[in-house]
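# Structure at a glance
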Amino acid sequence: MSAALAASTLTLTGLATEAAAADVNNAKNPGFESGLANWACSSTTGSAVSTPVRTGTGALKASPAGHDNARCTQAVAVKPNSTYTLSAWVQGGLAYLGASGTGTTDVSTWTADSAGWKQLTTTFTTGANTTSVTVYTHGWYGAAAYLVDDVSVFGPDGGGGNGEEPVIPVPPTGVAVGGATKTSLDVSWKPVPNAASYHVYREDGTKVQTVSGASAVVTGLAPDTEYGFQVSAANAAGESVKSTPVVRGRTLKEGGNGGGVPKHAITGYWQNFNNQATVQTLAQVQDAYDIIAVSFADATSTPGAVSFTLNSAQLGGYTDAQFRADVKAKQAAGKKVIISVGGELGTVRVNDATSATNFANSVHALMQSYGFDGVDIDLENGLNATYMTQALRQLSAKAGPSLVLTMAPQTIDMQSTAGEYFKTALNVKDILTVVNTQYYNSGAMLGCDGKVYSQGTVDFITALTCIQVENGLDPSQVGIGLPASTRAAGGGYVAPSVVNNALDCLTKLTNCGSFKPARAYPALRGAMTWSTNWDATAGNAWSNAVGPHIRTLP
């Protein structure tokens, strides 16, 4: 990396502001081009590597051990009573970035595992007598190695850093368009040395995105339409010219992603068993539910294959014939009825080509037999993205564009695009209807702003949902999953009014908590609950509140 690199002040959603012209990067050897010069790492945990790097020819690789979090530090000269922006690009295992000895409030930020380079950013103000701060990175005890590149302590020249002002970056190269859905296209390019942000333009000159990484998902597009894009690179010195030539891509045609599902929809799980929640027939499922997920299909002795048997004994003598008739009646009323695979106790495994084919064939057979509209993937005990993708592609080829495909990952599964669930969702997003992440039984998790939020709050729901829509999924493919009553989950229950507040925050930027997304997602698909039975047990409080409210969303 060039010593001239200087990062602009960035938010974690990638929006840039201009720094004062006199501001410089005060870090020494910020891109590790000179090995570990000016850096000190605990024990022997740190080393300079030549690959992978974000820019230049060097990066830091630090490997935590059982009792060592691989902390690497640099003493950085600063001016008193001054504000600095601290940033670094990280990859690999869990990584922290922080500054101590500021003379005011010490700061830090962190991110979970990241398959690609991700920027961490925070700001601090020095005290009246502070002339040096300690900048540090570290991982977590026994966790995977992390990588760091392009560290910046951007602010007034403290006299000990690079002392060079940034230069305008060159335009990006390798610009490409892919990842089409009906309403979005992925645009990607090669990282540019000393770029702090990138601007994505349509070919008519309209700026549509500003991001910090080397890719963007352009949403709000019309189906079956060709679009052209150009990208520029920017930092505090200014903006490059736009990339050439114009690159083009086409959105998908209408008809996929589960035709007939409302723009804003509620999904409810119907229990094929009695766990002390109100026992229901399918006909008794509340009318507010647009997608009814029959829970659950069962694993068979054939690897990857599933079956379904109505549990008449636990459902008060509800017969198979009645169930099949109720499926048809719900569909006649405009509802989608799908078969859910997995659950907390599910043991379905799709981990090779044979089991992928068995899965696709068996699910399709159930769709033909019972008339199910599609499938819900609720595998809470592990998922292989490669072979589940194969299975869902095969199923889509058999079922056609009307297939309703939903997923219900746990929160930990959607923290990073490196996770198998997240990878699967991205792999099949051209046929994906909605991912309803379970925002319960979770504890505390990272939001898209790098802060930690606790379950049971509107901030937990909105800040974690932001991760998905800012990392490749179209808002129309994202829903929020919450329990229908305090008895429906071990933790994370919120009142239906909080569910509605979260929907308002995400779609209209109103009724937010302390976290407010950088932009609204008016196409957000909706909400999910476990379960219709527990909803009935609680007097239908969830569906009576969330059902009417979701119809008011933009």
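Let us look at the structure shown here. (Residues numbered from 1 in each chain as written. Predicted model: local features only at pLDDT ≥ 70, side-chain atom pairs only at ≥ 80, totals over all residues. Heavy atoms only, no water.)

## Some thoughts on the pattern of salt bridges
The condition is simple: By definition here, a salt bridge exists when the distance from a side-chain nitrogen of Lys or Arg to a carboxyl oxygen of Asp or Glu is within 4 Å. Strands are runs of DSSP state E lasting at least 2 residues, helices are runs of H or I lasting at least 4, and numbering of each runs from the N terminus. Partly exposed residues are those whose accessible area sits between 20% and 50% of the maximum for their type, while under 20% is buried and over 50% is exposed, using a 1.4 Å probe and protein chains only.
A full pass over the atoms with the stated rule returns 11 salt bridges. Glu-226 is the salt-bridge partner of Arg-248, the closest N and O atoms lying 3.9 Å from each other. Here Arg-248, found in strand S21 (residues 247-250), pairs with Glu-226, found in strand S19 (residues 226-235); they are 22 residues apart in sequence, far enough to count as distant. Residue Glu-226 is classed as partly exposed on the basis of its relative accessible area, which comes to 44%. Taken together, the shared-partner salt bridges in this structure form one network comprising Glu-203, Glu-226 and Arg-248.

## Some thoughts on the nonpolar core
Keep this limit in mind: We call a set of buried residues a nonpolar core when its members are Ala, Val, Leu, Ile, Met, Phe, Trp, Tyr or Cys and they connect through side-chain atoms within 4.5 Å of each other. The contact criterion used is simple: two residues touch if any of their non-hydrogen atoms lie within 4.5 Å.
Of all hydrophobic cores here, the largest spans 93 residues; its most connected members are Trp-270, Leu-282, Phe-323, Phe-359, Phe-372, Ile-377 and Ile-480. Contacts of Leu-282, omitting those with residues within four sequence positions, involve Trp-270, Ile-292, Val-294, Tyr-318, Phe-323, Asp-326, Val-327, Lys-330 and Val-337.

## Digging into the sheet that holds strand S9 (residues 95-100)
Note the cut-off: Two strands are said to pair when DSSP picks up at least two bridges between them.
Here we have 5 strands laid out as an open sheet, ordered S4-S7-S12-S9-S10, and antiparallel in their pairing. Whereas interior strands pair on both sides, the edge strands pair on one side only; in this sheet they are strand S4 (40-41) and strand S10 (107-111). Across 5 bridges, S9 lies against strand S12 (residues 132-138) in antiparallel orientation. Within S12, the residue paired with Ala-99 across the bridge is Val-135.

## Some thoughts on unusual backbone geometry
In this structure, Pro-52 follows Thr-51 across a cis peptide bond, with omega equal to -5°. Mapping Pro-52 onto the fold places it in the loop between strand S5 (46-49) and strand S6 (59-62). For the bond from Trp-530 to Ser-531, the omega torsion is -5°, close enough to zero to count as cis. Looking at the element boundaries, Ser-531 is found in the loop between strand S32 (526-530) and helix H7 (532-537). A positive phi angle, near 60°, is found at Phe-32, a position not held by glycine. Turning to its location among the elements, Phe-32 is positioned in the loop between strand S3 (24-25) and S4. What makes Phe-32 buried here is its relative accessible area of 2%. At Asn-81, a position not held by glycine, the phi torsion is positive, near 50°. Note on placement: Asn-81 falls in the loop between strand S7 (72-77) and strand S8 (83-92).

## A short note on the pairing of strand S17 (residues 207-211)
In this structure, strand S16 (residues 197-202) lies alongside S17, joined through 4 bridges in antiparallel fashion. Paired with Val-200 across the strands is Gln-209, a residue of S17.

## A short note on the pairing of S32
Worth spelling out the cut-off: Clockwise travel from the first strand over the helix to the second, with the strands pointing away from the viewer, marks a crossover as right-handed.
Counting buried positions along S32 gives 5 out of 5 residues, so the element sits mostly inside the fold. As defined by bridge partners, strand S22 (residues 265-271) adjoins S32 across 4 bridges and the pair is classed as parallel. For Ala-265, the partnering residue across the bridge sits in S32 and is Gly-526. Where strand S31 (residues 478-483) and S32 come together, 5 bridges link them in parallel fashion. Within the sheet, the bridge partner assigned to Leu-482 lies in S32 and is Thr-529. Between the parallel elements S31 and S32, the chain passes through helix H6 (residues 496-508) in a crossover that is right-handed.

## Some thoughts on the side chain of Asn-358
Counted only if it meets this: As used in this structure description, the phrase polar contact means that two N or O atoms lie within 3.5 Å; if the pair is within protein, one of them must be able to donate a hydrogen and the other to accept it, and residues adjacent in sequence are counted only when both atoms belong to side chains.
You can see Asn-358 is positioned in helix H2 (residues 353-370). In this structure the side chain of Asn-358 is engaged in a polar contact, spanning 2.9 Å, whose partner is the backbone oxygen of Pro-303. Those residues in contact with Asn-358 that sit more than four places away from it in its chain are Thr-302, Pro-303, Gly-304 and Ala-305.

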